[in-house]
Amino acid sequence: GSHLPSRLELAALAEAEGDVAGAEAQLAPLLAPAAEARLGPIERARALVVRGRILARSTKGAAAAEAAFAAAVEADPRLTEARVALTRHRLRRGDPAGAVAATDPVAAQAARDPALGAARIRALAAAGRALDASSLAATALAAAPGDLGLLLARATALEASGKPDEAAAVYREAAARDPSAFEPRLALGRLAVARHDLALAATEIAAAVEKGPREPAAQAALGELRAAQGDAAGAEAAYRAALALDPEHANAEVGLARLALARGDAAGARARLERALAIDPGNVDGHVAYGTLLWRSGDLPGAEKALQAAVELAPRHALALSRLGAVKLERGDAAGAVKALNTASNEDERLAEARLWLGRALLARGEMPGAIAQLKKAVELEPSNAEHALRLGEALERSGAAQEAIDAYRASAVAAPRAPEPHERIAAVYVANGRCEDAVPELEKAAALGPKLARIRIALGDCKAKLGKHEEAARIFREVLRADPREVQVVYRLARAVHESESAKAALPLYERAAREDGRNPMPHYYLGYLYKERNQRARAVQEFRRYLALKPDADEKKDILAEIEDLEPR
């Protein structure tokens, strides 16, 4: 019982089997001050590594785990096991530069020590040193061909450098070398999900779950697959299974957060994402999801910060770049947006979202041909996405291609049959081209789909008035005012419709109301001036004409109005 080397072996075995209490019981005598003189440097270092692994199981113990691993390295700088543990811990904590630094003093050994080599390859790749990672992987695998850890590290480095097809080939080699290993099948499944090849993903992830039934990462990947298949309940069950195996599994928290966000539970999603990022500060998907949540809630500075963090961790992450570009555009930085979105669309040519926002950013800069080309590509990639077609219509409309714009808006209406905006946009093109008779049916459809949108009914009333249907226009304007008396700009329109359909006398109180309630509109004062003149209310007429000119000093009728004032004023 008092033989310390035996206790060390028992502690290591217990920790590896997940028996934390047993491991700690064996470690206690080893790490007691009295034992220090009886342990050699390598034994003390190994005991500290086991202690660090126990502490690293919990986020609360992360700092203490770092200290234990660092103390292990100090106790025996030649023990590569300690450096590997410190490197892996720093990678999990989102510190790739620190992970590289942990292996720098023994870098020359990395090509001959597979465990050290694998850890350093992953650290170099995470720190953005893809060429160094690739070079070390080639040298290390030449010395230890087929080593699973090295193959997995090499594939991870290839993924990080934007070479998923090459990474997949290495994962397949690893799976063939060790058919019992779950990691290569899991990686192949996640790559297939990213490519939207859900049939292959299902095969690979099922194999990963079978080979690693107690692995939370396999269950979390199953959750990703179920979410991609549209099975929210299945996804939630898989994510919860992952958390049952590891209550601090960040990917499962991120997955559950996405499901919460899809249900409209922003508060629940935020809590899960903050927990995920506390567990794993280097979780790229967590930063992307958090940035997306903040973006949708209107916190653009917070969203940009979170998405920038994701891009710094993974400079080739297309979705992170795409959403960072979108947020930059909404913050008014069109140049920064174009840069990020160009990179995103180069990294993933099939990411329609990147094309959409790149088109919008180019449109904001007035680069019409480029904007139209990108938006057409977005529509081609996702023909059923109403937003893509709507934005393409907007770009075509601004470029003067009226019929093409209408066609794009009609495609948007087909994709989103319950949305009023495509019909509203079609009507606007018709109105701009003097075709109110064609605009009316579209506005009527839009008004039926968006009965609470006053602007659509106002546009419909305006079109009716232009077509000479003043009674119908007056009825529509009255309906708008009944629904919301704050729509004061409608009062003048109603006055004009009543003036044309009934009489000047009936319109007079409406012009007076419009003058009171819609203070920035000069037109009620124009008509009141003439109506008061007809009633021989000369002083009031002059007063209204002067208000008209004060509000519209560059009016085309300025000379005529000044002549009216001169004629009406007493001499």
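Here is what the cut-offs are and how they apply
- Residues numbered from 1 in each chain as written.
- Predicted model: local features only at pLDDT ≥ 70, side-chain atom pairs only at ≥ 80, totals over all residues.
- Heavy atoms only, no water.
- Helix = DSSP H or I, 4+ residues; strand = E, 2+ residues; numbered from the N terminus.
- Rg over C-alpha atoms; globule rule 2.2 N^0.38 Å.
- Buried < 20%, exposed > 50% of the residue type's maximum accessible area, 1.4 Å probe, protein only.
- Lys, Arg positive; Asp, Glu negative; His and termini not counted.
- Charge placed at Lys NZ, Arg CZ, Asp CG, Glu CD.
- Salt bridge = Lys/Arg side-chain N within 4 Å of Asp/Glu carboxyl O.
- Expected span 1.5 Å × (residues − 1).
- Contact = heavy atoms within 4.5 Å.
- Phe/Tyr/Trp six-rings, centres within 6.5 Å; stacked < 30°, edge-to-face > 60°.
- Lys NZ or Arg CZ within 6 Å of the ring centre and 35° of its normal.
- Polar contact = N/O pair within 3.5 Å; in protein donor to acceptor, adjacent residues only side chain to side chain.
- Core = buried A, V, L, I, M, F, W, Y, C linked by side-chain atoms within 4.5 Å.
- Axes fitted to C-alpha atoms, helices over the stretch in contact; angles between N-to-C directions.
- Parallel < 35°, antiparallel > 145°, perpendicular 65-115°, else oblique.
- Left-handed = near helix turned anticlockwise from the far one by under 90°.
- Nonpolar A, V, L, I, M, F, W, Y, C, P; charged D, E, K, R; others polar.

1. Describing the overall build of the chain
- If you tally the helices and strands in the chain, you get 33 helices and zero strands.
- For the chain, whose C-alpha radius of gyration is 34 Å, the value lies well above the compact-globule estimate of 25 Å for 571 residues.
- Taken along the three principal axes of its C-alpha coordinates, the chain extends 120 × 45 × 40 Å.
- Buried residues in the chain amount to 47% of all 571 residues.
- Across the chain, the centroid of the 80 positively charged side chains sits 2 Å from that of the 80 negatively charged ones.

2. Details of the pattern of salt bridges
- Per the stated rule, a full pass over the model turns up 47 salt bridges.
- Between Arg 435 and Asp 438 there is a salt bridge, with its nearest N and O atoms 2.9 Å apart.
- Arg 486 is the salt-bridge partner of Asp 484, the closest N and O atoms lying 3.0 Å from each other.
- The exposure class of Arg 486 is exposed, given its relative accessible area of 69%.
- Salt bridges sharing partners connect three or more residues here, namely Arg 360, Glu 387, Arg 391, Glu 394, Glu 421 and Arg 425.

3. Some thoughts on helix α22 (residues 368-381)
- Compared with the 20 Å implied by 1.5 Å per residue over 14 residues, the 20 Å span of α22 between its first and last C-alpha is a close match.
- Buried within α22 we find Met 368, Ala 371, Ile 372, Gln 374, Leu 375, Ala 378 and Leu 381.
- Along its buried surface, α22 packs onto α21 (352-364) and α23 (386-398).

4. A few points about the packing of aromatic side chains
- All chains considered together, the criterion is met by eight aromatic pairs.
- On the numbers, 6.4 Å between centres and 45° between planes, the contact of Tyr 492 with Tyr 511 is tilted. Residue Tyr 492 is found in helix α29 (residues 489-501), and its partner Tyr 511 is found in helix α30 (residues 504-517); the two are separated by 19 residues along the sequence.
- Their ring planes at 85° and their centres at 5.2 Å tell us that Tyr 526 and Tyr 527 sit as a pair that is edge-to-face. Of the two residues examined, Tyr 526 and Tyr 527, each falls in the buried class.
- In this structure an aromatic cluster arises from ring pairing among Tyr 492, Tyr 511, Tyr 526, Tyr 527, Tyr 530, Phe 545 and Tyr 548.
- When the ring centre of Trp 357 is taken as reference, the NZ or CZ atom of Arg 360 above it lies at 4.3 Å.

5. Considerations on unusual backbone geometry
- Look at His 196: it is not a glycine, yet its phi comes out positive at around 65°.
- Structurally, His 196 can be placed in the loop between α11 (183-194) and α12 (198-211).
- According to the relative accessible area criterion, His 196 is exposed, its value standing at 67%.

6. Here's the deal with the side chain of Ser 322
- When you line up the elements, Ser 322 lands in helix α19 (residues 318-330).
- Its relative accessible area of 0% is what places Ser 322 among the buried residues.
- From its side chain, Ser 322 meets the backbone nitrogen of Ala 354 in a polar contact 3.4 Å long.

7. Regarding helix α5 (residues 80-92)
- An ideal rise of 1.5 Å per residue puts 18 Å on 13 residues; α5 measures up with 18 Å between its terminal C-alpha atoms.
- On its buried face, α5 sits against α3 (41-55), α4 (62-75), α6 (96-103) and α7 (114-126).
- Phi turns positive, to about 75°, at Gly 94, one or two residues after α5.

8. Structural notes on the nonpolar core
- Leu 273, Trp 295, Trp 357, Leu 396 and Leu 443 are the most contacted members of the largest nonpolar core, which totals 71 residues.
- Listed in part, the 35 residues of the second largest apolar core include Leu 481, Ala 555, Ile 561 and Leu 568.

9. Considering the environment of Pro 216
- When you line up the elements, Pro 216 lands in helix α13 (residues 216-228).
- Using a relative accessible area of 14% as the deciding quantity, one classes Pro 216 as buried.
- The sequence separation of Pro 216 and Ala 252 amounts to 36 residues, and the corresponding C-alpha distance is 8.2 Å.
- For Pro 216, the residues in contact, after removing those within four places along its chain, are Ala 242, Leu 245, Asp 246 and His 249.

10. Concerning the packing of α12 against α13
- The contact between α12 and α13 brings their axes to 9 Å, and the two run at 155°. Compared by their axis directions, α12 and α13 come out roughly antiparallel. When you trace α12 past α13, the crossing you get is left-handed. Here α12 contributes Leu 198, Ala 201, Ala 202, Ile 205, Ala 208 and Val 209 to the contact with α13, which in turn contributes Ala 218, Gln 219, Ala 221, Leu 222, Leu 225 and Ala 228.
- For the contact of α12 with α13, the residue count by class is 11 nonpolar, one polar and no charged.

11. Some points on the environment of Asp 95
- Note that Asp 95 resides in the loop between α5 and α6.
- Taking C-alpha positions, Asp 95 is 42 Å from Leu 392, a pair spaced 297 residues apart along the chain.
- A polar contact of 2.9 Å, which involves the side chain of Asp 95, links it to the backbone nitrogen of Gly 98.

12. Thoughts on the packing of α3 against α5
- Contact geometry for α3 and α5: axes closest at 9 Å, N-to-C directions at 20°. Between α3 and α5, the crossing angle belongs to the class labelled roughly parallel. The chirality of how α3 crosses α5 is left-handed. Contacts between α3 and α5 pair Arg 46, Val 49 and Arg 53 from the former with Glu 81, Ala 82 and Ala 85 from the latter.
- Of the residues that constitute the contact of α3 with α5, the class distribution is three nonpolar, no polar and three charged.

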